Amino acid sequence: ETLDSAVGRQHVFEVSDADYVTKVAASLLHSGYAVLRGTLTTEHAESLANVVSDAAAELLKLDPPRLGNRGPRRYSFGGASKTHHMVHLEAWSQLLDVPSIQPVLQRAFNGSYIAVGGGGDFVLGETDTHQRLHVDLQLPEMYTIETPPAAVVANFAISNV
């Protein structure tokens, strides 16, 4: 099956699907997004949730009025870090090479891609603003490239959304 023939209206896939790599790569290239469920092992998701919880608690200790660092009750982990990323924490660094995502990127980009970040955001309840999914790279020219995309973001939901 080719990337072109795998694209459909549905953009939600499961790692357990035999042909998820082709379908997710096609959705990414042709529609700009895909949802891939089951990418993290339970162990990794739990480890990441614990690290995220600890990092969030540290940020919140510094912000009693909950002003946020990205707007009211909105926080950027990378924006609060000296390195602008969180890959110095093992659970975060493991997100740069997730076994179920790597073959999708290999397929979509013919093996030519690099990982350049590892941050993330969290939002407290009762936040009345939203933020679109985005790439944290400040390169305006990358937004004029249609296919393949100049950058891809992998977002991991570690709580029910």
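In this text, all values refer to a predicted model and were calculated from it rather than measured experimentally. (Residues numbered from 1 in each chain as written. Predicted model: local features only at pLDDT ≥ 70, side-chain atom pairs only at ≥ 80, totals over all residues. Heavy atoms only, no water.)

K.L.:
Any chance you could break down the overall build of the chain for me, citing the residues and the numbers?
P.N.:
Secondary structure summary: the chain contains six helices and four strands in total. Traced from its N-terminal end to its C-terminal end, the chain shows the element sequence α-β-α-β-α-β-α-α-α-β. Taken over C-alpha atoms, the radius of gyration comes to 17 Å for the chain, in line with the 15 Å a tight globule of 161 residues would show. Summarising its shape, the C-alpha atoms of the chain cover approximately 55 × 40 × 30 Å along the three principal directions. Counting every position in the chain, which comprises 161 residues, the buried fraction comes to 28%. (Helix = DSSP H or I, 4+ residues; strand = E, 2+ residues; numbered from the N terminus. Rg over C-alpha atoms; globule rule 2.2 N^0.38 Å. Buried < 20%, exposed > 50% of the residue type's maximum accessible area, 1.4 Å probe, protein only.)

K.L.:
Report on the nonpolar core, specifying residues and quantitative values.
P.N.:
As a rule of thumb, soluble globular proteins bury nonpolar side chains together. If you look at the biggest cluster of nonpolar residues, it comprises 27 residues, and the most contacted ones within it are Val-24, Leu-48, Phe-77, Trp-92, Leu-95, Ala-108 and Phe-122. Every element with two or more residues in this core is listed here: α2 (20-31), α3 (42-61), α5 (90-93) and α6 (102-108). The element best represented in this core is α3, accounting for six residues. Excluding residues within four positions of it along the chain, Leu-48 makes contact with Leu-40, Ala-91, Trp-92, Leu-95 and Ile-158. (Core = buried A, V, L, I, M, F, W, Y, C linked by side-chain atoms within 4.5 Å. Contact = heavy atoms within 4.5 Å.)

K.L.:
So, the packing of aromatic side chains: which residues are in play, and what are the values?
P.N.:
Under the counting rule described, the total for this entry stands at three aromatic pairs. Ring centres of Tyr-75 and Phe-122 lie 4.8 Å apart, and the angle between their planes is 10 degrees; on these two criteria the pair is classed as stacked. Highlighted residues: Tyr-75 in strand β3 (residues 74-76) and Phe-122 in strand β4 (residues 121-123), separated in sequence by 47 residues. Overall, the relative accessible area of 3% leaves Tyr-75 in the buried class. (Phe/Tyr/Trp six-rings, centres within 6.5 Å; stacked < 30°, edge-to-face > 60°.)

K.L.:
Could you give me a rundown of α3, with the residues and numbers involved?
P.N.:
With 20 residues, α3 extends 28 Å between its outermost C-alpha atoms, agreeing within 8% with the 28 Å of an ideal straight helix rising 1.5 Å per residue. When we look at burial in α3, the residues that qualify are His-44, Leu-48, Val-52, Ala-55, Ala-56, Leu-59 and Leu-60. Angular distribution of buried residues about the axis of α3 spans 135 degrees; they occupy a single face of the element. When the buried face of α3 is taken as reference, the exposed residues oriented beyond 90 degrees from it are Thr-42, Glu-43, Asn-50, Asp-54 and Lys-61. (Expected span 1.5 Å × (residues − 1). Arc of directions from axis to C-beta.)

K.L.:
Lay out α2 in plain terms, naming residues and giving numbers.
P.N.:
In a regular helix each residue adds 1.5 Å, so 12 residues correspond to 16 Å; α2 covers 15 Å between its end C-alpha atoms and thus fits that length. Listed in full, the buried residues belonging to α2 are Tyr-20, Thr-22, Val-24, Ala-25, Ala-26, Ser-27, Leu-28 and Leu-29.

K.L.:
Provide a residue-level description of the environment of Gln-131, including the pertinent values.
P.N.:
With respect to the element layout, Gln-131 can be found in the segment after β4. Along the backbone, Gln-131 and Arg-70 are 61 residues apart, and their C-alpha atoms lie at a distance of 9.5 Å.

K.L.:
Go over the pattern of salt bridges with me, naming the residues and quoting the values.
P.N.:
Going through the model one piece at a time under the given rule, you end up with four salt bridges. Its salt-bridge partner being Asp-19, residue Lys-23 comes within 3.4 Å of it at the nearest N-O pair. Taking relative accessible area as the criterion, Asp-19 reaches 30% and is therefore assigned partly exposed. Linking Lys-61 and Glu-58 is a salt bridge whose minimum nitrogen-to-oxygen distance equals 3.1 Å. On the criterion of helical spacing, the pair formed by Lys-61 and Glu-58 is a turn pair, its members being three residues apart in helix α3. Classification of Lys-61 as exposed rests on a relative accessible area of 59%. (Salt bridge = Lys/Arg side-chain N within 4 Å of Asp/Glu carboxyl O.)

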